[in-house]
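Listed below are the residues making up each chain.
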Amino acid sequence: MPADRLHLVRHGEVHNPRRVLYGRLPGYGLSADGRRMTRQAAEYIHGLGRPISSLVCSPLQRTRESAEPFTELFGIEPVIDERVIEPTNVFEGRRMARALFNPWNWRHLRKPALPSWGEPYLDVVGRMNAAMTQAWDAVDSGDVVIVSHQLPIWITHLAVAGESLRHDPRARRCALSSVTSFEMVDGKWTEVAYAEPASTSGAVDVGAV
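Source: prediction; values computed, not measured. (Residues numbered from 1 in each chain as written. Predicted model: local features only at pLDDT ≥ 70, side-chain atom pairs only at ≥ 80, totals over all residues. Heavy atoms only, no water.)

Student: Explanation requested: the overall build of the chain in the structure shown.
Tutor: For the chain, the helix and strand inventory stands at 5 helices and 6 strands. When the helices and strands of the chain are read in sequence order from the N terminus, they spell out β-α-β-α-β-α-α-β-α-β-β. Scaling as 2.2 N^0.38, a compact globule of 209 residues should have a C-alpha radius of gyration of about 17 Å, and the chain matches this with 17 Å. Taking all 209 residues of the chain together, 49% fall into the buried category. Sequence-distant contacts in the chain: of pairs separated by 6 or more residues, those separated by 24 or more amount to 71%. Of the roughly 9900 Å² of accessible surface on the chain, a fraction of 52% belongs to carbon and sulfur atoms. Taking the 24 positively charged and 24 negatively charged side chains of the chain as two groups, their mean positions are separated by 11 Å. (Helix = DSSP H or I, 4+ residues; strand = E, 2+ residues; numbered from the N terminus. Rg over C-alpha atoms; globule rule 2.2 N^0.38 Å. Buried < 20%, exposed > 50% of the residue type's maximum accessible area, 1.4 Å probe, protein only. Contact = heavy atoms within 4.5 Å. Areas by Shrake-Rupley, 256 points an atom, 1.4 Å probe, with all protein chains shown as cover. Lys, Arg positive; Asp, Glu negative; His and termini not counted. Charge placed at Lys NZ, Arg CZ, Asp CG, Glu CD.)

Here it is as structure tokens:
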């Protein structure tokens, strides 16, 4: 038997005083509030009373740090999987408001359905599905936790729901340290729950791709 349920957990708030789009840039770890948020997410899943058989996370600093409370509560070490990483983006390291004010950058916005400013949405769907399916099949029972990023989690939600992958990033339902849960039913992913267990009032959330 494979896993029972799979939880996609977004990382907590990142220390980002310049408020840039940090993407895959190194050196962006959690803030003090971010560490509190990740603890709340781990405690939420722990409170479900469901055994966790596998913990997977992206290789970036903020996701590895967000996986630490799960290790503490469930006694399981994370497996690093490059496939659940943040997508690439040409605006990494910049403040978006300033970048979009420059007409030279408008060429990157010519195909928003692709999108033309970074990794194609279909590629993100493919690698996330592959990582989720492998993690699901790799255990005999229990739940799987994958700590990832806003865009990969949201684009997975859209794909599973059969909705258009083109979207307004400002309208994503994927808060810091949120938990989006899935089950595999007849060979297809089905979303079964979404929760925002962390207190995010006043959080800075401007660095997601």
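This is not the end of the story, as more comes after the structure.
Student: When you look at the nonpolar core in this model, what are you seeing that I'm missing?
Tutor: A general tendency of soluble globular proteins is for nonpolar side chains to be buried together. One finds Leu-6, Leu-8, Met-132, Val-144, Ile-146 and Ile-155 to be the most contacted residues of the largest nonpolar core, which totals 28 residues. Of all elements in the fold, only β1 (5-10), α4 (121-137), β4 (143-148) and α5 (150-161) reach the threshold of two or more residues within this core. No other element matches α4, which puts 7 residues into this core. Once residues lying within four places of it in the same chain are set aside, the contact partners of Ile-155 are Tyr-121, Val-124, Val-125, Leu-165 and His-167. Counting residues in hydrophobic clusters, the runner-up holds 14 residues, among them Ile-52, Ala-67, Phe-70 and Val-147. (Core = buried A, V, L, I, M, F, W, Y, C linked by side-chain atoms within 4.5 Å.)

Student: Even after reading the chapter, I still don't get the packing of helix α1 (residues 32-47) against helix α2 (residues 61-74), so can you show me in this structure?
Tutor: Helix-helix packing is characterised by the crossing angle of the two axes and by the distance between the axes. Interaxial distance between α1 and α2 falls to 8 Å at its minimum, and their mutual angle equals 40 degrees. Comparing their axes, α2 and α1 come out oblique. Note that α1 runs across α2; the crossing there is right-handed. Listed contacts from α2 to Arg-35, Thr-38, Arg-39, Ala-41, Ala-42, Glu-43, Ile-45 and His-46 of α1 are Glu-65, Ser-66, Glu-68, Pro-69, Phe-70, Glu-72, Leu-73 and Phe-74. (Axes fitted to C-alpha atoms, helices over the stretch in contact; angles between N-to-C directions. Parallel < 35°, antiparallel > 145°, perpendicular 65-115°, else oblique. Left-handed = near helix turned anticlockwise from the far one by under 90°.)

Student: Can you help me understand the pairing of β4 in this one?
Tutor: Sheet faces and side chains relate simply in a regular strand, where the side chains alternate between the two faces. Most of β4 is tucked away, with 6 of its 6 residues classed as buried. The alternating pattern of β4 places Asp-143, Val-145 and Val-147 on one face and Val-144, Ile-146 and Ser-148 on the opposite face, and all of these are buried. Two elements, β1 and β4, share 6 bridges in a ladder whose sense is parallel. Within β4, the position partnered with Arg-10 by the bridge is Ser-148. Pairing between strand β2 (residues 52-57) and β4: 5 bridges, direction parallel. Bridge pairing in β4 links Val-56 to Ile-146. (Pairing = 2+ DSSP bridges.)

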